[in-house]
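Structure assessment
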Amino acid sequence: MKKIRKAVLPVAGFGTRVLPATKSIPKEMLPVVDRPALQYVVDEALEAGIEHIVFVTGRNKGAIEDYFDRAYELEATLHLKNKTALLKELEAKLPAPGSTSFVRQQSPQGLGHAVWCARDVIGDEPFAVLLPDVLVKSTPGCLAQMIAAYEKKGGNIIAVDPVPKDQTDKYGVIAPKSQDGNIYEMSAMIEKPKPSEAPSNLAITGRYILQPEIFKFLEEQEPGAGNEIQLTDAMAKLMKTSPFFALAFDGTPYDCGSKFGYFKAVCAYAMDHGEIGNEARALIKTLSQND
Ligand code: G1P
């Protein structure tokens, strides 16, 4: 079984659901307490043993590339002011040289197309995909849980989580066929089904382990829901020829691509934060009492 070494992070989206904040800042760079949302997802990938991250970027996403590089003027200033702890933190967050790639999705043709743009960098090995809109709060991280499942089962694995039945049209949804503990086998997966047509309320959470054969299906994939090339549609085809599992992971997902999901993530991460956690919890309690 080949190790999962590389992860694709699609970061080309416009972030229209959180405009105007995202007019000049990539949505992935919006802070959740003291770091960009994207940092949590990169940390989740690294914790799971990922060695190389492929960012699929687009226009106006230069801040992401700069964030994962050295900032010489800033570092020199911190050094002069003896801010050693901050300097150490910046150093610790710097990816190892050569461990990131940036490929460009020139036009927004959908998630499937974004993943396909990474094909040359991924090559012929299984890989992970993490959607940075979704922060998953869990210990161990969601991708680490998926890799543990992959080491038992092999094949392809997606993370799933129950959603309210009236919200299935926001997600990819699976039709479970059988269940072994927290791992499902599926008979189908459908992108953004109407609640009346959804085969279950188990939604795809934005974490995937895929075999490289997916690229062949993505290459031929016609546009689907929203007139976009959907990863879910290509996975539904791959599922017919390659083992495919869904993991009901342990943890809470936050959709930072939506205003309320982002707000919930900020609250949840603030309440658990080493420096401001106690104050954040007290504040949230007071605010809810005054309501
Ligand atoms: C994407 C996927 C969908 C998945 C969702 C998770 O949709 O296409 O299957 O359930 O992410 O957030 P998007 O949110 O990009 O429309």
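Okay, so let's go over this structure. (Residues numbered from 1 in each chain as written. Predicted model: local features only at pLDDT ≥ 70, side-chain atom pairs only at ≥ 80, totals over all residues. Heavy atoms only, no water.)

So, the site of the ligand
The local shell around the ligand consists of Leu111, Leu131, Val134, Tyr171, Gly172, Glu191, Lys192, Ile204, Tyr208, Gln230 and Thr232. Within the contact set of the ligand, an oxygen atom lies 3.0 Å away from a backbone nitrogen or oxygen of Gly172. In the environment of the ligand, an oxygen atom lies 2.6 Å from a nitrogen or oxygen atom belonging to the side chain of Lys192. Expressed as a share of its isolated accessible area of 380 Å², the protein-covered part of the ligand is 80%. Classifying every residue of the shell around the ligand gives six nonpolar, three polar and two charged. (Near = heavy atom within 4 Å. Polar contact = N/O pair within 3.5 Å; in protein donor to acceptor, adjacent residues only side chain to side chain. Areas by Shrake-Rupley, 256 points an atom, 1.4 Å probe, with all protein chains shown as cover. Nonpolar A, V, L, I, M, F, W, Y, C, P; charged D, E, K, R; others polar.)

Observations concerning the packing of helix H3 (residues 72-80) against helix H4 (residues 84-92)
What describes two packed helices is the angle between their axes and the distance between those same axes. For the pair H3 and H4, interaxial distance at closest approach is 8 Å and the crossing angle is 150°. As summarised for this structure, H3 and H4 are arranged roughly antiparallel, according to the angle between their axes. Considering the relative orientation of H3 and H4, their crossing is left-handed. On H4, the residues touching Leu74, Glu75, Leu78 and His79 of H3 are Leu86, Leu87 and Leu90. Broken down by class, the residue content of the contact of H3 with H4 amounts to five nonpolar, one polar and one charged. (Axes fitted to C-alpha atoms, helices over the stretch in contact; angles between N-to-C directions. Helix = DSSP H or I, 4+ residues; strand = E, 2+ residues; numbered from the N terminus. Parallel < 35°, antiparallel > 145°, perpendicular 65-115°, else oblique. Left-handed = near helix turned anticlockwise from the far one by under 90°. Contact = heavy atoms within 4.5 Å.)

A short note on the nonpolar core
By size, the foremost hydrophobic cluster in this structure holds 42 residues, and its most contacted members are Leu9, Phe55, Leu135 and Leu143. Among the elements that make up this core, the one with the highest residue count is helix H7 (residues 142-153) (seven residues). Setting aside its immediate chain neighbours within four residues, Phe55 contacts Leu9, Val11, Leu38, Val42, Ile64, Phe68, Thr100, Ser101, Phe102 and Val103. Judged by nonpolar contacts, the second largest core, of 35 residues, contains Val115, Val160, Leu202 and Phe217. (Core = buried A, V, L, I, M, F, W, Y, C linked by side-chain atoms within 4.5 Å. Buried < 20%, exposed > 50% of the residue type's maximum accessible area, 1.4 Å probe, protein only.)

Concerning the environment of Glu125
Inspection of the secondary structure puts Glu125 in the loop between helix H6 (119-122) and strand S6 (127-130). Along the sequence, Glu125 and Gly155 sit 30 residues apart, while their C-alpha atoms lie 12 Å from each other. Excluding residues within four positions of it along the chain, Glu125 makes contact with Lys2, Lys3, Arg5, Lys6 and Pro212. In this structure the side chain of Glu125 is engaged in a polar contact, spanning 3.5 Å, whose partner is the side chain of Lys6.

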